[in-house]
Amino acid sequence: MGKTTNTVLARDGALQAPWQYGAATIISKALFDTTAIYDALIVGGGITGITTALFLQKAGKKVVIAEAHKPGFGTTGGTSAHINTFADTTYAEVASAFGEEGAQLFADAINEGFTTIKSNIDTYQIDCDYEINPGYLYAETGDEAKQLDEIYNGALKVGVPVNYTEEVPTPVEYLKALVFDRQAQFHPLKYLRGLQKAYREAGGIVLENTLVTGIETDNGVHTAHSPTGVIRAKTVIYATHMPPNINLFNFECAPYRSYVLGLKLKTDTYPDALVYDMQEPYHYFRTQVLNGEKLLIAGGNDHKTGHADPEKAFADLEKYIRKYYNVSSVKYRWSSQYYVPVDGLPYIGQMPLAADGIYCATGYNGNGMMLGSIAGKILSDLVRRRPNRYQDLFSPSRIKPVDSFSEFVKENVDVAYHFIADRFHIHETDSLKRLQRGTGKVLEVDGEKIAAYRDEKGAVHALSPVCTHAACIVNWNGEEKSWDCPCHGARYDIDGNVLTGPATKNLPKISSDEN
Ligand code: FES
């Protein structure tokens, strides 16, 4: 059984989410056996990885998790922790692309993800501030009202409880609104810690600071390589969002950044609900009680990773919130990454073009809590060679519906642009000397492009700006102090270390005369 130690957990950016505080890490006494062939190696210790690991370990399998940092370092540590019965891809949209049966299955999967979280909380007695609240979705324009009607009809057809309402707990004026009863919210890292504790108590192993850089398969055994050694397993699950290195998903999922603020209000006008508007990009509001103190959690202003200015995204979000709420202070601000699939549904299952028994789960859109949880069930069934009713709908090898084609092209045009323009169009004129403290920029120095960051003490951290995944040029993210790749979402810290895949190699350092 593990003991606990209190720390502030690191995550994949410089800004801090409220979840990072007060959530203890767990030290396991279970030992990794370097000679063993495990039943499953799970790469990634977020909600998908740990849920899958727990199901498998409880089913009697020998499981090892390899996490490049610490569990919760990635998107699970930066989520806004909404648990819904509806999804970003609406049931009406799924019905038009995958048929009524597909929409019904998707609704069932979302619901099963929802109930899986609750059942884990009950079974393992996880104290994670879980609360049931109504969810409101409101339209401010005629077009949005039409979409709202489609959402209503789509939800009704698949049996998701929904009603029109005239009472939305929002100061924003709206035309029409829906209420979804019994939505939920929680503290994601307390939940993750509870799962991890149950997993470790069942004999599961977590290898922290273990970045898997590649896998070889021989005779049905997969050997994963990492700088700290090799891990052997009969099956491998990439629970890393985007699987590492170059693969099909680089062209089927677009990485997005999402922005969140945790605010104190001057008046007690915190909503007892989860509230969403329908703007593009949308905003949402909910209340979280942390250490006995209420916080308004408000988010939105999402954009493709590396395609917009994060500073402006935060500034616009704060301005929007202050227009409607009497804010006394902003206590937290953070951003996080998620992946939008080209046809609207996640990819969960056997990884295309990989050896048999290598699985992945990605493309959750903004619904990672439910889809990460149902992925845990699907993947654990696949590893155990048991059928799962969602496996065909979410199969990563599914044929893409025709009407996703335009979106598919759009995603790839972006990538193509960055491949060409970034490599060959030289447009930087700033010199290193003009780089302000605390800022970063891709500069041209002696005819070479460099990614340069000047820290608060004045020292320059200079890196190659060429993403080690597929050679796009990275962009500076001044809020999270990271270098973000606009092509497939890889991210690096100021010293070039990988924060987010699909890259597995760091950006090379360049020595600078200034240091
Ligand atoms: Fe693919 Fe950078 S993430 S080129």
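Residues numbered from 1 in each chain as written. Predicted model: local features only at pLDDT ≥ 70, side-chain atom pairs only at ≥ 80, totals over all residues. Heavy atoms only, no water.

### Here's the deal with the pairing of strand 16 (residues 293-304)
Cut-off, in case you're wondering: A simple rule labels every residue: compare its accessible area, found with a 1.4 Å probe on the protein chains alone, to the largest value its type can have, and call it buried under 20%, exposed over 50%, or partly exposed in between. We count a stretch as a helix when DSSP gives it H or I for four or more residues in a row; a strand needs E for two or more, and each element gets its number in order from the N terminus. DSSP bridges decide pairing: two strands pair if at least two such bridges lie between them.
With 10 of 12 residues buried, strand 16 is to be regarded as a mostly interior element. As defined by bridge partners, strand 13 (residues 253-265) adjoins strand 16 across 7 bridges and the pair is classed as antiparallel. Residue pairing in the sheet places L261 in a bridge with A298 of strand 16. Relative to strand 16, strand 15 (residues 283-290) runs antiparallel, the two being bridged by 8 bridges. In the sheet register, F285 faces strand 16, and the bridge partner there is A298. In sequence, strand 15 turns back onto strand 16 through a hairpin of 2 residues, with N291 there showing a positive phi of about 50°.

### Considerations on the pattern of salt bridges
Just so we agree on the cut-off: Salt bridge, as used here, is a side-chain nitrogen of Lys or Arg placed within 4 Å of a carboxyl oxygen of Asp or Glu.
Applying the stated criterion to the full structure yields 20 salt bridges. R11 serves as the salt-bridge partner of D12, at 3.6 Å between the closest nitrogen and oxygen. Between R389 and D108 there is a salt bridge, with its nearest N and O atoms 3.0 Å apart. Of the two residues, R389 is situated in the loop between helix 6 (368-383) and helix 7 (405-424) and D108 in helix 2 (residues 91-123); the sequence distance between them amounts to 281 residues.

### Thoughts on the sheet that holds strand 21 (residues 448-454)
Reading across the sheet, the 4 strands line up as 20-21-22-27 and stay open at both edges, with antiparallel pairing between neighbours. Looking at the sheet topology across the chains shown, the edges are occupied by strand 20 (439-445) and strand 27 (509-510). With 7 bridges connecting them, strand 20 and strand 21 associate as antiparallel partners. Note on strand 21: the bridge partner recorded for V442 is A451.

### Quick look at the sheet that holds strand 24 (residues 482-484)
Ordered in space as 23-24-25-26, the 4 strands form an open sheet in which the pairing is antiparallel. Strand pairing shows two members of the sheet lacking a second neighbour, strand 23 (475-477) and strand 26 (498-500), which therefore form its edges. Sheet topology note: the strand 24/strand 25 (residues 491-492) ladder contains 2 bridges and is antiparallel. When the sheet's bridge partners are listed, D484 is paired in strand 25 with R491.

### Regarding the packing of helix 1 (residues 47-58) against helix 6
This is how the line gets drawn: Axes here refer to lines fitted to C-alpha atoms; in helices the fit is confined to the stretch in contact. Angles between the N-to-C directions go from 0 to 180 degrees. In this scheme the crossing of two helices becomes right-handed for a clockwise turn of the near helix relative to the far one and left-handed for an anticlockwise turn of less than a right angle. Two residues form a contact once any of their heavy atoms are found within 4.5 Å. Lys, Arg, Asp and Glu make up the charged group, whereas Ala, Val, Leu, Ile, Met, Phe, Trp, Tyr, Cys and Pro make up the nonpolar group; the residues left over, Gly among them, are polar.
Two numbers describe how helix 1 lies on helix 6: the axes approach to 8 Å, and their chain directions differ by 40°. Crossing of helix 1 over helix 6 shows right-handed handedness. From helix 1, I47, T48, T51, T52, F55 and L56 reach across to helix 6, where they touch G368, M369, G372, S373, A375, G376, K377, L379, S380 and V383. In terms of residue class, the contact of helix 1 with helix 6 is made up of 7 nonpolar, 8 polar and 1 charged.

### Here's the deal with the environment of Y338
Heads up, the condition is: Here a polar contact is taken to be a pair of N or O atoms separated by no more than 3.5 Å, where protein atoms must pair a possible hydrogen donor with a possible acceptor and residues adjacent in sequence count only if both atoms sit in side chains.
Relative to the helices and strands, Y338 resides in strand 17 (residues 327-341). Apart from residues no more than four positions distant in its own chain, Y338 is found in contact with A254, P255, Y256, R257, S258, D302, N365 and G366. Engagement of the side chain of Y338 in a polar contact is seen with the side chain of D302, the distance being 2.6 Å.

### Observations concerning the nonpolar core
Counted only if it meets this: Take the buried Ala, Val, Leu, Ile, Met, Phe, Trp, Tyr and Cys residues and link them wherever side-chain atoms come within 4.5 Å; each set so joined is a nonpolar core.
Counting residues in hydrophobic clusters, the biggest one holds 104 residues, and the most contacted among them are F106 and I321. It is helix 2 that contributes the most residues to this core, 11 residues altogether. Ignoring sequence-local partners within four residues, the contact set of I321 consists of L261, L263, F285, L296, A298 and V327. In terms of nonpolar packing, the next biggest core, distinct from the first, is built from 23 residues, V43, I205, A233 and Y238 among them.

### Overview of the confidence of the model for the protein chain
Stated formally: Summary of the metric used: pLDDT quantifies the predictor's per-residue confidence within the range 0 to 100.
Across the protein chain, pLDDT averages 90, with 90% of residues at or above 70. Every residue in residues 1-5 is under pLDDT 50, and counting partners more than four places away or in other chains gives 15 contacts. Low pLDDT (under 50) marks residues 402-406, which in the prediction has 4 contacts with non-local residues, meaning those over four places away or in another chain.

### Section: the packing of aromatic side chains
Rule in force here: Note on aromatic pairs: the rings of Phe, Tyr and Trp (six-membered ring only in Trp) are paired at centre separations within 6.5 Å, and the planes decide the class, stacked below 30 degrees, edge-to-face beyond 60, tilted for the rest.
The full count for this structure, using the stated rule, is 19 aromatic pairs. With a centroid separation of 6.3 Å and 90° between ring planes, the pair formed by F106 and F394 is classed as edge-to-face. Note that F106 is positioned in helix 2 and F394 in the loop between helix 6 and helix 7, a separation of 288 residues in sequence. The same class applies to F106 and to F394, which are both buried.

### Structural notes on helix 6
Spelled out, the test is: In this scheme, a helix's expected span is set at 1.5 Å multiplied by one less than its residue total.
Over its 16 residues, helix 6 extends 21 Å from the first C-alpha to the last, a length consistent with the 22 Å expected when each residue adds 1.5 Å. Among the 16 residues that make up helix 6, 15 are buried, leaving the element largely enclosed by the rest of the structure. The positive-phi residue at the C-terminal boundary of helix 6 is R385, with phi of around 60°.

### Some words on unusual backbone geometry
In this model, E280 is joined to P281 through a cis peptide bond whose omega is -5°. For P281, the location among the structural elements is in the loop between strand 14 (274-276) and strand 15. Of note, the amide linkage connecting G501 to P502 takes the cis form, showing an omega dihedral of 15°. The topology assignment puts P502 in the loop between strand 26 and strand 27.

### Quick look at the environment of R333
For R333, the position within the fold is in strand 17. When its relative accessible area of 28% is taken as the criterion, R333 is described as partly exposed. Counting along the chain gives 71 residues from R333 to G262, while the straight-line C-alpha distance between them is 6.3 Å. Residues contacting R333, with those up to four places away along its chain left out, are L15, Q16, V260, L261, F314 and E479. Polar side-chain contacts of R333 include one of 2.8 Å to the side chain of E479.

### Some points on the pairing of strand 13
For strand 13, the tally of buried residues reaches 13 of 13 residues, placing the bulk of the element in the interior. Residues of strand 13 alternate between two faces, with C253, P255, R257, Y259, L261, L263 and L265 on one and A254, Y256, S258, V260, G262 and K264 on the opposite face, all of them buried. Examined bridge by bridge, strand 13 and strand 17 share 13 bridges and lie antiparallel to one another. The residue bridging S258 from the neighbouring strand is S336, located in strand 17.

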